Amino acid sequence: MELAELRAAHPEHWAMATALRMLAVDAVEAAQSGHPGMPMGMADVATVLFRRFLRFDAQAPDWPDRDRFVLSAGHGSMLLYGLLHLTGVPGMTLEELRRFRQLGAKTAGHPEYGHAPGIETTTGPLGQGLANAVGMAIAEESLRARFGKGVVDHRTFVIAGDGCLMEGISQEAIALAGRQRLSRLIVLWDDNGISIDGPVSLADATDQTARFRASGWAVLSCDGHDPQAIEGAISAALETRRPTLIACRTRIGFGAPHKEGSAAVHGAPLGAAEVALLREAYGWPHPPFEIPEEIRALWRAAGRRGAEARAAWQARLEALTPARRAEFARVMAGEPPRRLVPALTRLKARLSSEAPSLATRKASELALAEINAVTPETMGGSADLTGSNNTLTEGLGIFEPGNRKGRYIHYGVREHAMAAAMNGMALHGGILPYGGTFLVFSDYARPAMRLSALMGQRVVYVMTHDSIGLGEDGPTHQPVEHLAGLRAIPGMAVFRPADAVETAEAWALALTAVRGPSVLALTRQNLPTLRREHRVKNLSAMGAYVLAEAEGRRQAILLATGSEVSIALEARALLQAEGVGTRVVSMPCWELFAAQEEGYRRRILPAGPVRVGVEAAVRMGWDRWLIGERGRESRAGFVGMKGFGASGPYKDLYAHFGITPQAVAETVKSLL
């Protein structure tokens, strides 16, 4: 629909959509930075969605049974900020819009979760929001099956752009959604055919609608500037029994006299001259950021649309038994069940008593059996490595269209979508997600893992086959740089437990103490139980602790993680036999150790003794503990990997690469 026709045929809609457009134009112009084209192009779609369909109460934007709205095309963030302001979300003031993209503003360049109510997820890296929305839709299905439609009964709407659909994660996400028949997921595609470089056709010839159909989606289309057509398409989408893509044909920078439909309006201010012409074309004589009261009133009414539904929902919630109501409140608040830590403590006691030789991936399975039995909000899964990751425990059931009470997802070979979907589940609330793959394949999931940390979401990544200890699969599967890379992500807790007891402790911390995401790096090979005296206290909570003290004068400290802690203990025995007093420090989580008070760190790593780190990975990061924290370069060494691994039995590989008790002892003696 052309501008003049739209303005004449739908004056009220036009006024509301134009207010949304002009807020975006004015904010980008004020910041001299941003992306005005997408908000200008999708304002009609967003206006119809918020005015006619989205179940949303602006005065209670965190209402648990609200419809979720995800702006996957996060570069168009002013569309979201404008919607939140116009509908009356508390805190999203006109002043915040004036401060778009300024330091400390709620209106960051791309939407950031936690900056303001109504921002459901952090988007900007294209495709992530779409995949988050798949996780949100999974969470809704799961919680509806558990608590009933009276308490959980909502939809997830997404605005995605051409860039979102070009990113590889989009195929992983839509294939997962199609297989799961997530019928309450509706994606509104801003089909404008323009990217930063120019026409999408420069780089892509994909028939997107055919791709979605092939992935099990219903596909609809509409003129993205015709409010009646948009309303008809969304109404039809509500009736499908599959996830739905609506291809909204739009013109980027709609109405800009010289820039509409071009890359020039994608990621730069329009410029004063073009803005003046645009105001004339829109019939919008108002100064920047000024919204006439009659238009603001229309938007405020849209913001109140969900108030009645929220009140009815609250009444249904109150009608639940006190226990069921308390349980719903608990899981939505992300509070762990009281039985969780005692269950894992009992497991620790049993493991210390029985002292099994176990791979830590198997120990993780034992911990998960206890966790899943008392934590009904867990939702597990694996990227096609269930038998290797040991992530499926008895009684979970498989989450699928015929069993929404199942708590285990077969993600297929889709590590990236798995991680992003788990972010969506955590953001939705009520679900505690964990998912498994090999540590080396964290490369495939890393962008979403970074966003887990940026958003502070409790997502647990079960990463098995954590070193050359996996053996014969060789260097393509043997991680050497991955621990350093994951430890480099701010807010990511990386656990590498030394035995079954530390594994149980790591799980307890990941689910109760760590507020953001955790990685559990776990072995394929069996390890001895090192902690044979039961302690109720979670020693791993300190990040590092003395596992074995020096006998006699302390001359050396061995610091190790995971499978190399037992090697360090054997090296200690060799050194003690030669009169070299040696302390062994197990370091299951560097991040937790770094967070301890200086006094504790000094007690664990006092000045003076030689320090040697032992880890079947590269040295990067280790100098913080070997040379920093009162250490000295001349008295610090490292036994680990200097390059990639090799294919062969794991014991041969440890010998070949010199990660042995003898090598550790010799390194210590060379530094004395």
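Before reading on, note that the structure itself is shown above.
So, here's what we can say about the structure.

Rules behind the numbers
Residues numbered from 1 in each chain as written. Predicted model: local features only at pLDDT ≥ 70, side-chain atom pairs only at ≥ 80, totals over all residues. Heavy atoms only, no water. Helix = DSSP H or I, 4+ residues; strand = E, 2+ residues; numbered from the N terminus. Rg over C-alpha atoms; globule rule 2.2 N^0.38 Å. Buried < 20%, exposed > 50% of the residue type's maximum accessible area, 1.4 Å probe, protein only. Areas by Shrake-Rupley, 256 points an atom, 1.4 Å probe, with all protein chains shown as cover. Pairing = 2+ DSSP bridges. 1 Å grid on protein atoms, 1.4 Å probe; cavity = no way out; pocket = protein on both sides within 12 Å on 5 of 7 lines; lining within 4 Å. Points joined across faces, edges and corners; volume = space filled by probe spheres on them. Nonpolar A, V, L, I, M, F, W, Y, C, P; charged D, E, K, R; others polar. Contact = heavy atoms within 4.5 Å. Polar contact = N/O pair within 3.5 Å; in protein donor to acceptor, adjacent residues only side chain to side chain. Axes fitted to C-alpha atoms, helices over the stretch in contact; angles between N-to-C directions. Core = buried A, V, L, I, M, F, W, Y, C linked by side-chain atoms within 4.5 Å. Parallel < 35°, antiparallel > 145°, perpendicular 65-115°, else oblique. Phe/Tyr/Trp six-rings, centres within 6.5 Å; stacked < 30°, edge-to-face > 60°. Expected span 1.5 Å × (residues − 1).

## Points about the overall build of the chain
- When its secondary structure is counted, the chain shows 27 helices and 20 strands.
- A compact globule built from 672 residues would reach a C-alpha radius of gyration of about 26 Å, and the chain, at 28 Å, matches this within 12%.
- Along the first, second and third principal axes, the C-alpha set of the chain runs to 95 × 55 × 45 Å.
- Here the chain, with 672 residues, has 62% of them falling under the buried criterion.
- For the chain, the accessible surface area stands at approximately 23,800 Å², while carbon and sulfur atoms represent 52% of it.

## So, the pairing of strand 18 (residues 581–586)
- Most of strand 18 sits out of view: 6 of its 6 residues are buried.
- Two elements, strand 16 (residues 545–548) and strand 18, share 3 bridges in a ladder whose sense is antiparallel. Bridge pairing in strand 18 places Ala548 opposite Val584.
- Summarising the sheet, strand 17 (residues 554–560) and strand 18 pair through 6 bridges and their orientation is parallel. When the sheet's bridge partners are listed, Ile557 is paired in strand 18 with Arg583.

## Re empty space enclosed by the protein
- Applying the stated rule across the entire model yields 2 cavities of 30 Å³ or more.
- A volume near 70 Å³ is recorded for the largest cavity.
- Residue lining of the largest cavity: Phe50, Leu54, Phe56, Pro61, Arg66, Asp67, Phe69, Leu80, Leu84, Gly118 and Glu120, and that is the complete set.
- In the lining of the largest cavity, the residues fall into 7 nonpolar, 1 polar and 3 charged.
- There is about 50 Å³ of room inside the second largest cavity.
- Lining of the second largest cavity is provided by Pro606, Ala607, Gly608, Pro609, Arg611, Leu626, Arg630, Gly631, Arg632 and Arg635.
- Looking at side-chain class alone, the lining of the second largest cavity contains 4 nonpolar, 2 polar and 4 charged residues.

## Side note on the environment of Glu29
- Mapped onto the elements of the fold, Glu29 is located in helix 2 (residues 11–31).
- You can call Glu29 buried: its relative accessible area is 19%.
- Every residue in contact with Glu29, bar those within four places of it in the chain, is listed here: Pro269, Leu270, Gly271, Ala272 and Val275.
- Of note is the side chain of Glu29, whose polar atom sits 3.4 Å from the backbone nitrogen of Leu270.

## Observations regarding the sheet that holds strand 11 (residues 432–438)
- With parallel pairing, 6 strands are arranged side by side in an open sheet as 10-9-11-12-14-13. In the strand order of this sheet, the two ends are held by strand 10 (408–410) and strand 13 (493–495), each with one partner. Between one strand axis and the next, the sheet turns by 20° as a mean value, whatever way the strands run.
- Packed onto the sheet, helix 19 (residues 442–455) meets strand 11, strand 12 (460–464) and strand 14 (518–521) and runs at close to 160° relative to strand 12.

## Quick notes on the layout of surface pockets
- The computed volume of the largest pocket comes to approximately 590 Å³.
- Lining the largest pocket are 30 residues; nearest its centre among them are Tyr113, Met332, Ala426, Gly429 and Gln457.
- Among the secondary structure elements, those contributing two or more residues to the lining of the largest pocket are helix 14 (322–333), helix 18 (415–428) and strand 11.

## What about the environment of Ser563?
- As for its placement among the helices and strands, Ser563 is situated in the loop between strand 17 and helix 22 (564–577).
- Residue class for Ser563 comes out buried when judged on its relative accessible area of 4%.
- Between the C-alpha atoms of Ser563 and Arg496, which are 67 residues apart in sequence, the distance is 8.4 Å.
- Setting aside residues up to four positions removed in sequence, Ser563 forms contacts with Ser467, Arg496, Thr523, Gln525, Leu527 and Tyr654.
- A distance of 3.1 Å separates the side chain of Ser563 from the side chain of Arg496, its partner in a polar contact.

## Brief notes about the side chain of Gln596
- When you line up the elements, Gln596 lands in the loop between helix 23 (590–594) and helix 24 (598–604).
- Here the side chain of Gln596 touches Leu592 through a polar contact of 2.9 Å, landing on its backbone oxygen.
- When residues no more than four places from it in sequence are discounted, the contact partners of Gln596 are Ala541, Met542 and Arg601.

## With respect to the nonpolar core
- Phe69 and Trp299 are the most contacted members of the largest nonpolar core, which has 142 residues in total.
- If you tally residues by element for this core, the top one is helix 2, at 13 residues.
- Other than its neighbours up to four places away in sequence, Phe69 contacts Leu49, Phe50, Leu54, Leu80, Leu83, Glu120, Phe157 and Ile159.
- Within the second largest apolar cluster, 32 residues are counted, among which are Tyr408, Val460, Ala508 and Cys589.

## Concerning the packing of helix 15 (residues 340–354) against helix 21 (residues 500–512)
- Two elements in contact, helix 15 and helix 21, have axes whose closest approach is 9 Å; the angle formed by their N-to-C orientations is 170°. When the interaxial angle is binned, helix 15 and helix 21 end up roughly antiparallel. In contact with Leu340, Val341, Leu344, Leu347, Lys348, Leu351 and Ser352 of helix 15, helix 21 contributes Ala500, Val501, Ala504, Glu505, Trp507, Ala508, Leu511 and Thr512.
- Across the contact of helix 15 with helix 21, the residue classes break down as 11 nonpolar, 2 polar and 2 charged.

## Digging into the packing of aromatic side chains
- Evaluation of the coordinates by the stated rule reveals 17 aromatic pairs.
- Summarising the aromatic geometry, the rings of Phe50 and Phe69 are spaced 5.2 Å apart at their centres and angled 85° between planes, so their arrangement reads as edge-to-face. Linking Phe50 in helix 3 (residues 37–53) with Phe69 in strand 1 (residues 68–71), this pair joins segments that are 19 residues apart in sequence.
- Here Phe50 falls in the buried class, since its relative accessible area comes to 3%.
- Grouped by ring-pair contacts, the aromatic residues Trp590, Phe593, Tyr600, Trp622, Trp625 and Phe638 constitute a single cluster.

## Some thoughts on helix 2
- Helix length check: helix 2, at 21 residues, gives a terminal C-alpha distance of 30 Å against a target of 30 Å (1.5 Å per residue), a fit within 8%.
- Taken across its 21 residues, helix 2 has 18 buried, putting it largely inside the fold.

## A few points about unusual backbone geometry
- Phi is positive for Phe289, which is not a glycine, with a value near 70°.
- Within the secondary structure, Phe289 is located in the loop between helix 11 (272–282) and helix 12 (293–303).
- On the accessibility criterion, Phe289 (6% relative accessible area) is buried.

## Points about helix 21
- Helix length check: helix 21 (13 residues) gives 19 Å between terminal C-alpha atoms against 18 Å at 1.5 Å per residue, within 8%.
- Taking burial as the measure, the 13 residues of helix 21 include 12 buried ones, the bulk of the element.
- Capping the start of helix 21 is the job of one residue whose side-chain oxygen sits 3.1 Å from the backbone nitrogen of Val501: Asp499.

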